[in-house]
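What follows is each chain in one-letter form.
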Amino acid sequence: MNNNKDIHRLVDKFMQGETSLTEERKLYRYFSSNDIAEDLLPLRPLFTGLAALPSMYDAKETQDAKEPKTTERTQGRHARIVRLVLRWTSVAAVMLLLFLGGIAVYRSQNYSEIIVYGHKTDSPTLLHHEMASTMQQLDMQPQNSVKAQLDDVLLGQD
């Protein structure tokens, strides 16, 4: 490794992107030492900076080695399951929104409120009773009966 010819060859190979990880580690160790050739001193910051990166990759490689390798078939099955769960979740969300929207429309459509003798009420039986009594009172007076009013409007007769 102290052979300058070998180090120059490895540096040229590194600059062309053809080095292996083992050769790159040799370069990193060389540039972290104090015995560096004069013509290679300008490259020292580059290699010492890059020397910090493999520690992250080495940790990832050891972590990957501990984890079992999954096959493409298992990954494909997992992806299909994820897509299926997402699809059913979105269907359930749409159904929930439609249900809540239907309840809101139903409540707004089937709500009536009247004021009877100065009091607010929403009782349908009270509304029916008051409307029936009002219609009955109108029919008792011949000139104000509903039939008489319709005849007046439509036929123009008194």
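Scroll up to find the structure.
(A) Representation of the environment of Ser 32 in the model. Within the element layout of this structure, Ser 32 appears in helix α2 (residues 21-32). Of the residues examined, Ser 32 reaches a relative accessible area of 48% and is grouped as partly exposed. Taking the C-alpha atoms as reference points, Ser 32 and Pro 45, separated by 13 residues in sequence, lie 9.4 Å from one another.

(B) Fine view of the nonpolar core. Ile 7, Leu 10, Val 11, Phe 14, Leu 27, Tyr 28, Tyr 30, Phe 31, Ile 36, Ala 37, Leu 40 and Phe 47 together form the largest nonpolar core, which totals 12 residues. Mapped by element, the contributors of at least two residues to this core are α1 (4-15) and α2.

(C) Up close: the pattern of salt bridges. Scanning the model with the defined rule gives 2 salt bridges in all. The partner of Arg 9 in a salt bridge is Asp 6, with the nearest N and O atoms 2.8 Å apart. A residue pair is termed a helical-turn pair when its members lie 3 or 4 positions apart in one helix, as Arg 9 and Asp 6 do in helix α1 at 3 residues. With a relative accessible area of 44%, Arg 9 lands in the partly exposed category. Between Glu 23 and Lys 13 there is a salt bridge, with the nearest N and O atoms lying 3.0 Å from each other. Of this pair, Glu 23 sits in helix α2 while Lys 13 sits in helix α1, placing them 10 residues apart in sequence. For Lys 13, a relative accessible area of 24% gives the class partly exposed.

Each value, and the rule that gives it
Residues numbered from 1 in each chain as written. Predicted model: local features only at pLDDT ≥ 70, side-chain atom pairs only at ≥ 80, totals over all residues. Heavy atoms only, no water. Helix = DSSP H or I, 4+ residues; strand = E, 2+ residues; numbered from the N terminus. Buried < 20%, exposed > 50% of the residue type's maximum accessible area, 1.4 Å probe, protein only. Core = buried A, V, L, I, M, F, W, Y, C linked by side-chain atoms within 4.5 Å. Salt bridge = Lys/Arg side-chain N within 4 Å of Asp/Glu carboxyl O.

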